[in-house]
Amino acid sequence: MYFDFVEKVAYEGPKSKNPLAFKYYNADEVILGKKMSDHLHFAMAWWHNLGANGVDMFGPGTADKTFGQVPGTMEHAKAKVDAGFEFMRKLGIKYFCFHDVDLVPEADDINVTNARLDEISDYILEKMEGTDIKCLWGTANMFGNPRFMNGAGSTNSADVYCFAAAQIKKALDITVKLGGTGYVFWGGREGYEWLMNTDVKFEQENIAALMHMAVDYGRSIGFTGDFFIEPKPREPMTHQYDFDAATAIGFLRQYGLDKDFKMNIEANHATLATHTFQHELRISAINGMLGSIDANQGTMNLGWDTDEFPWDVYETTLAMYEVLKAGGLKNGGFNFDAKNRRQSNTKEDMFYAFILGMDAFALGLRKAAALIEDGRIDEFVKEKYASFETGIGAKIRAGETTLQELAERASELKNAEDPGSGNQERLRSVINEVLFG
Ligand code: XUL
Ligand code: CO
């Protein structure tokens, strides 16, 4: 036992003052016809929760993530599995996400790393037995090892490209072995630092080819889930190719990958791209590509990815509004790609962070459902476009008119009437009413 200060985090309701209880996340409660736990497939990110110890470029770690073993050993890798499963069980978290090198220490020889991955995935499978804990998605870390300094799929070195392929192959094997329903491509170093020494077209073609090979291989070993691209505009590269959802969707369509891929939208990546989280979710959803969510938040006046646990209930409400409108996440979930602040360094803090994040999304779900049930927002939007329901508007929507006909109507009208107020302030008041009663 690594977390002996708590047996089970239970729902105690909004009046509870117990820091180790949920105030809003009530797994079995039904919201809009579905249990909260079915709306919200929460996942633990192996790297942050079991790996990150608070190290930053100004100082070493502050949190102890050794779990009683020496880091860099297989004993430590197994202790992380034990701690992770205890943690998930105590919080009622049913999914986890991983990079290959989060699970085991990377060796100098890829064959040794792969053997370690076989061993640890056997161990994880054993742990999964008799529990309802599953893998949400897996991925390969193709940005940490120095060989990837010029990119993975976008590298200038054909040999390095082979290592990227090998890692994807192995990460897919393990994802399938653990029953994962998603496989993520976050293009950590797939981008450029300077255009003048970069062949962008060449690099993008190579990334697409690697993704095609990943799809072919994944399908050949029985992977029926979704591949995800996780857009991010910068960091570590000056410009990353998967800048935002619209850019990534365009890329997928250009290279014929759109049938197999969806988006994994991360809140803090959206804001780095100077979008809102809701914007990225909406763009993905209207293109049929809302796959999964990396649930976190940033600090808006900083220019980098802070990966904080989600807290802002306006944001989670608007996010859940998009998710509900899109009919939910099918093969995806809500992965807390978030880490404790460096100064929140106790084991209890690990629990407080997840309770905060789970409650923030649970509250967002409750409030988004309430907004939909209230109906005033939907009614306004429907009414706003009503002129397209009859007459010339209906003809435009049906594609049964011409520029000539429309110009003739404008000429008859001489001047168009006021299209009507957007009522933004009134509608924001509606949202506050629904949020705060
Ligand atoms: C980095 C990031 C990654 C991906 C997985 O910003 O979000 O952790 O989620 O590679
Ligand atoms: Co992420």
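You'll find the structure just up there.
Bear in mind the structure is a predicted one, so any value in this text is a computation, not a measurement. (Residues numbered from 1 in each chain as written. Chains lettered and ligands numbered in written order. Predicted model: local features only at pLDDT ≥ 70, side-chain atom pairs only at ≥ 80, totals over all residues. Heavy atoms only, no water.)

**Student:** Outline the site of ligand 1, supporting the account with residue identities and numerical values.
**Tutor:** As a matter of local geometry, ligand 1 sits amid Trp47, His99, Trp186, Glu230, Lys232, Glu266, His269, Asp294, Asp305 and Asp337. Separating an oxygen atom of ligand 1 from a side-chain N or O atom of glutamate 230 is a distance of 2.7 Å. Coverage of ligand 1 by the protein chains reaches 93% of its 290 Å² of free accessible surface. (Near = heavy atom within 4 Å. Polar contact = N/O pair within 3.5 Å; in protein donor to acceptor, adjacent residues only side chain to side chain. Areas by Shrake-Rupley, 256 points an atom, 1.4 Å probe, with all protein chains shown as cover.)

**Student:** How would you explain the coordination of the cobalt ion (ligand 2) if you had to name every residue and give the values?
**Tutor:** Protein coordination of the cobalt ion (ligand 2) is provided by Glu230 (OE), Glu266 (OE), Asp294 (OD) and Asp337 (OD), with donor distances spanning 1.9 to 2.1 Å. Angles of 80 to 173° at the metal separate the six donor atoms of the cobalt ion (ligand 2), which places the site in the octahedral class. Counting the intervening residues between successive donors of the cobalt ion (ligand 2) yields the motif E-x35-E-x27-D-x42-D. Within this pair, whereas glutamate 266 is found in strand S12 (residues 261–266), its partner aspartate 294 is found in strand S13 (residues 290–294), the two being separated by 28 residues in sequence. Owing to a relative accessible area of 0%, aspartate 294 belongs among the buried residues under this scheme. (Donors = N, O, S within 2.8 Å, 3.2 Å for Na, K, Ca; no water. Tetrahedral: all angles 85-135°; square planar, octahedral: opposite > 155°, others 65-115°. Helix = DSSP H or I, 4+ residues; strand = E, 2+ residues; numbered from the N terminus. Buried < 20%, exposed > 50% of the residue type's maximum accessible area, 1.4 Å probe, protein only.)

**Student:** Summarise the environment of alanine 158; cite the residues concerned and give the values.
**Tutor:** Within the secondary structure, alanine 158 sits in helix H6 (residues 158–177). On a C-alpha basis, the gap between alanine 158 and tyrosine 314 in space is 47 Å, while along the polypeptide they are 156 residues apart.

**Student:** Can you tell me about the pattern of salt bridges, naming the residues and giving the values?
**Tutor:** Under the definition given, this model contains 21 salt bridges. Of the charged contacts, one joins glutamate 29 and arginine 366 as a salt bridge, the two residues approaching to 2.8 Å between their closest N and O atoms. Here glutamate 29 is found in the loop between strand S2 (21–22) and strand S3 (30–31), whereas its partner arginine 366 is found in helix H12 (residues 347–374), with 337 residues between them in sequence. Judged by relative accessible area, which is 25%, glutamate 29 ranks as partly exposed. Classification of arginine 366 by relative accessible area gives buried; the value is 19%. The network of salt bridges with shared partners includes Lys232, Glu235 and Asp305. (Salt bridge = Lys/Arg side-chain N within 4 Å of Asp/Glu carboxyl O.)

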